[in-house]
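Here's the letter readout for the chains.
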Amino acid sequence: MDILVNNAGAIPSGDLWDVDDAAWRKGFDLKVFGYINMSRLFYTKMKEAGGGVIINIIGNGGEVLDRDYIAGAMGNISLMGFTRALGGYALDDNMRVVGINPGPVNTDRIYNMLRKWAEKDLGDPERYMELADGYPLGRPAHCAEISDLVAFLASERAGYTTGTVYTVDGGISARTSII
């Protein structure tokens, strides 16, 4: 069984006026159309080889719809719909398509976003940890908390799972906040 993991986090944060047209399009070209194009390329090959799994790492911004992450929210919503639509009938082809919506993860990307928000909201980018303190458990997710789910979804233990998206954000989206 073959596995494709689509993972790109390049849609910029910001409100409608912060993200210019070029940045918006560049983010969508890489993430949204990148996932679509990779899936289009590998789905048929994996099906012909006997089956496989496509795992889309999306993001909880599609669950929350924050105006300060408007481009990312729209991109993630698109990918959630894409995952559900493609995955709905994938088992007919011995394929599975699933998604994961991580919240903030302990990577450079989240700290760069926090610095940007701290500068905008607090007037000082170095106050970014004040924003991070508000996360569940006072921290972003550990990378293994996401990668362990990827491994499970890629395994036969998740063999009846397709067309769904798992949110792993410590309950942030249930609180309606991306931080």
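To keep things clear, this report deals only with the structure shown in the data block.

Conventions and cut-offs
- Each residue is numbered by its place in its chain's sequence as written, counting from 1.
- With pLDDT at 70 or above as the cut-off, local features in this predicted model cover only qualifying residues; side-chain atom pairs require 80 or more to be listed or tallied, and sums for whole chains, interfaces and linings still use all residues.
- Derived side-chain values reflect all non-hydrogen atoms in the structure, with water molecules and hydrogen atoms excluded from consideration.
- Each Phe, Tyr or Trp ring, with Trp reduced to its six-membered ring, pairs with another whose centre is within 6.5 Å; inter-plane angles below 30 degrees give stacked pairs, above 60 give edge-to-face pairs, and intermediate values give tilted ones.
- Helix and strand assignments come from DSSP, with helices taken as H or I runs of at least 4 residues and strands as E runs of at least 2, each series counted from the N terminus.
- Exposure is judged per residue with a 1.4 Å probe applied to protein chains only, and the accessible area is read against the type maximum: over 50% gives exposed, under 20% gives buried, and values in between give partly exposed.
- Cation placement over rings: the criterion is NZ of Lys or CZ of Arg within 6 Å of the ring centroid and within 35° of the ring normal.
- Contacts between residues were defined by any pair of non-hydrogen atoms, one from each residue, lying within 4.5 Å.
- For helices, the fitted line uses only the C-alpha atoms of the stretch in contact; every axis is such a line through C-alpha atoms, and the angle between N-to-C directions lies from 0 to 180 degrees.
- Oblique is the label for any angle not under 35 degrees, not over 145, and not in the 65 to 115 range, which are roughly parallel, roughly antiparallel and roughly perpendicular in turn.
- Take the far helix as the reference: if the near one is turned anticlockwise from it by less than a right angle, the crossing is left-handed, and if turned clockwise, right-handed.
- Put simply, Ala, Val, Leu, Ile, Met, Phe, Trp, Tyr, Cys and Pro go in the nonpolar bin, Asp, Glu, Lys and Arg in the charged bin, and everything else, Gly too, in the polar bin.

To continue, consider the packing of aromatic side chains. Counted by the stated rule, this structure contains 2 aromatic pairs. With centroids separated by 6.0 Å and ring planes inclined at 75°, the aromatic side chains of Y111 and Y128 adopt a geometry described as edge-to-face. Separated by 17 residues along the polypeptide, Y111 in helix α5 (residues 108–122) and Y128 in helix α6 (residues 128–132) bring together distant segments of the chain. Each of the two residues, Y111 as well as Y128, counts as buried. The ring of Y128 is capped by R115, whose NZ or CZ atom sits 4.1 Å from the centre of that ring.

Take the side chain of T161 next. By the element assignment, T161 lies in the loop between α7 (143–154) and β4 (164–168). Other than its neighbours up to four places away in sequence, T161 contacts R96, V98, L153 and Y166.

Direction vectors running N to C along helix α2 (residues 32–48) and helix α4 (residues 70–88) enclose 20°, while the axes themselves pass 9 Å from each other. It follows from the interaxial angle that α2 and α4 lie roughly parallel. Both α2 and α4 take part in a crossing whose hand is right-handed. Along the contact surface, α2 presents V32, Y35, I36, S39 and Y43, while α4 presents G75, S78, L79, F82 and L86. Residues of the contact of α2 with α4, tallied by class, amount to 7 nonpolar, 3 polar and no charged.

Taken by themselves, the reported measurements are silent on function.
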